[in-house]
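Results of the structural survey
One-letter residues, chain by chain:
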Amino acid sequence: MIFSDSADGASAAVRHAEAYGGRVAATLPLTGSLDRLDPHLPVDLVIIDVSQDHGEPLDELLRRVDRAARHRHFSSVVVAAPDVLDIVLARVGHEDVDLVVGRDSRALEEVIADRLSTEGNVLQGFRPNATPGTSPLPAMPPLPDTLTRGLGLPLREEREAYRLDAGDEPEAVERMMLDAATIRDMIRARRMREHLFGHGLFADPAWDILLDLTAARLEGRPVAVSSLCIAAAVPATTALRWIKQLTDAGLLHRVADPEDGRRVFIELTDRAARAMGEYFDAVPWPRRG
C-alpha cells in the first residue's frame, strides 16, 4: 500500500514496487491516510512518500507506522524530502522502517527489493532479479572492532575529555574552542580535497560524522540529523545508514530537542568523545594560533 502527497512520489513508488514483483493494493493520498492505515492490514509493505509537513496528521501517521513495525504487523519505507527529514526521524526509529531521503531512485529500489524479498509475501510474488541496467548499492562495511572499542587507543578514564562544562577554567575553555576551530579547518580541507580530486575517491562518511560532532560538542552546538547528513558528504540516505551503524556501535545517540518535540539531535556518546580526545592527543596535528 502506498500513501503519497504528490503524484510524482506515488508514481515512483508504484514503479519501483512493481519492478520487483510487488502487487500494489492501493495508492492513496497522504491526507486521510489515518482512516486507512489499520495495523492489521493484510500487506507486507507500506510506502509513505512525504514532501511537506502536514503537522499532527503526519506525526500520527509516522507513529502508527513505527508501532506497526515494532509489533511486526508490516514493514514500511518512508521517502522523505530533506525539509521534513528531522520530523520523520523524531517519530520513527525501528529497524523495520527504512528511510530514503529525496527521490533517490537507486536507494528506493534497493530497500523495496530487500523488503519484498524478506517479508511474508502475502500480497506479492517476488522476483529476485533486479531491474535491467541497475546494480545494488555496495554493502555497508562493518565497523572495525578497534573503532567500536574507542578507535583502538588507550583511554584515560580519569579524564573527562573534550567536553565543555560550566566549571571549566577559562584557559581550558579557550584551548577547547581552539581545537574546535582546528577541527573545522580539517573538515574544510577534506572538502577541498574532494573538490580537487573527485568526490568518491576519498569518501569516509563515518569519520566526517565523528569530526563534525566532535567540533559541535566543543562549540556547545546541537546537531540535527539533517545537518549531520550534509556533514557526512555522501547522499543523505547513505549518511542515515552510517548514523545508524555508529549509533548501534555505541558511538552516537539520539537526544530530543527540548524546545521542539518534532526534532531530534545526534550527539557523540561520552565514550566516543573520550576516544576522539585521545586520538587528537596522540596524533600530531597543527593547531591554530
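We now turn to the structure provided with this report. (Residues numbered from 1 in each chain as written. Predicted model: local features only at pLDDT ≥ 70, side-chain atom pairs only at ≥ 80, totals over all residues. Heavy atoms only, no water.)

Within the chain, Arg72 stands out as a residue other than glycine whose phi angle is a positive 60 degrees. You can see Arg72 is positioned in the loop between helix 2 (56-70) and strand 4 (75-80). One non-glycine residue, Ala233, adopts positive backbone phi at about 60 degrees. Relative to the elements of secondary structure, Ala233 occurs in the loop between helix 8 (225-231) and helix 9 (236-248). Among the residues examined, Ala233 registers a relative accessible area of 14% and is labelled buried. (Helix = DSSP H or I, 4+ residues; strand = E, 2+ residues; numbered from the N terminus. Buried < 20%, exposed > 50% of the residue type's maximum accessible area, 1.4 Å probe, protein only.)

Attention now goes to the nonpolar core. Ranked by internal contacts, the top residues of the largest apolar core, which has 65 residues, are Val78, Val88, Ile209 and Leu252. Of the residues forming this core, the biggest block, 9 residues, is contributed by helix 7 (residues 205-219). Counting 15 residues, the second-largest nonpolar core is a separate cluster that includes Ile2, Leu45, Ile112 and Leu116. (Core = buried A, V, L, I, M, F, W, Y, C linked by side-chain atoms within 4.5 Å.)

On to the side chain of His94. Note that His94 resides in the loop between helix 3 (85-91) and strand 5 (97-101). A relative accessible area of 13% places His94 in the buried class. In contact with His94, not counting residues within four places along its chain, are Asp66, Ala69, Arg70 and Arg72. (Contact = heavy atoms within 4.5 Å.)

Once that is clear, we can look at the sheet that holds strand 2 (residues 27-29). Taken in spatial order, the 5 strands line up as 2-1-3-4-5 in an open sheet, and their pairing is parallel. At either end of the open sheet lies a strand with only one pairing partner, and these are strand 2 and strand 5. On average, adjacent strands in this sheet sit at an angle of 15 degrees to one another, irrespective of strand direction. On the sheet, helix 1 (residues 7-19) packs against strand 1 (2-4), strand 2 and strand 3 (45-50) and is oriented at approximately 155 degrees with respect to strand 1. (Pairing = 2+ DSSP bridges. Axes fitted to C-alpha atoms, helices over the stretch in contact; angles between N-to-C directions.)

Quick look at the pattern of salt bridges now. What the rule picks out here adds up to 24 salt bridges. In this structure, Glu110 and Arg241 form a salt bridge, with 2.4 Å as the shortest nitrogen-oxygen distance. Here Arg241 lies in helix 9 and Glu110 lies in helix 4 (residues 105-118), a separation of 131 residues in the sequence. By relative accessible area, which is 22% here, Glu110 ends up partly exposed. (Salt bridge = Lys/Arg side-chain N within 4 Å of Asp/Glu carboxyl O.)

Attention shifts here to the packing of aromatic side chains. For the coordinates displayed, the defined rule picks out 2 aromatic pairs. Geometrically, the ring pair formed by Trp207 and Tyr279 is edge-to-face, given 5.1 Å between the ring centres and 75 degrees between the ring planes. One end of the pair, Trp207, is in helix 7; the other, Tyr279, is in helix 10 (residues 270-282), and 72 residues separate them in sequence. Residue classification places Trp207 among the buried positions, given a relative accessible area of 15%. The class of Tyr279 is partly exposed, set by a relative accessible area of 25%. What links up through ring pairs into an aromatic cluster is the set Trp207, Tyr279 and Phe280. (Phe/Tyr/Trp six-rings, centres within 6.5 Å; stacked < 30°, edge-to-face > 60°.)

Most of strand 4 sits out of view: 6 of its 6 residues are buried. Along strand 4, one buried face is formed by Ser75, Val77 and Val79 and the opposite face, lined by Ser76, Val78 and Ala80, is buried too. In this sheet, strand 4 lies alongside strand 3 in parallel orientation, the contact comprising 6 bridges. Residue pairing for strand 4: Val46 is matched across the bridge by Ser76. Regarding topology, helix 2 serves as the crossover connection from strand 3 to the parallel strand 4, and that connection is right-handed. Two strands pair when backbone bridges link them, and strand 4 and strand 5 are joined in this way by 5 bridges, in the parallel orientation. Of the residues in strand 5, the one forming a bridge with Val77 is Asp98. Between the parallel elements strand 4 and strand 5, the chain passes through helix 3 in a crossover that is right-handed. (Right-handed = clockwise from strand over helix to strand, strands pointing away.)

Keep in mind that these numbers describe shape and distance, not what the molecule does.
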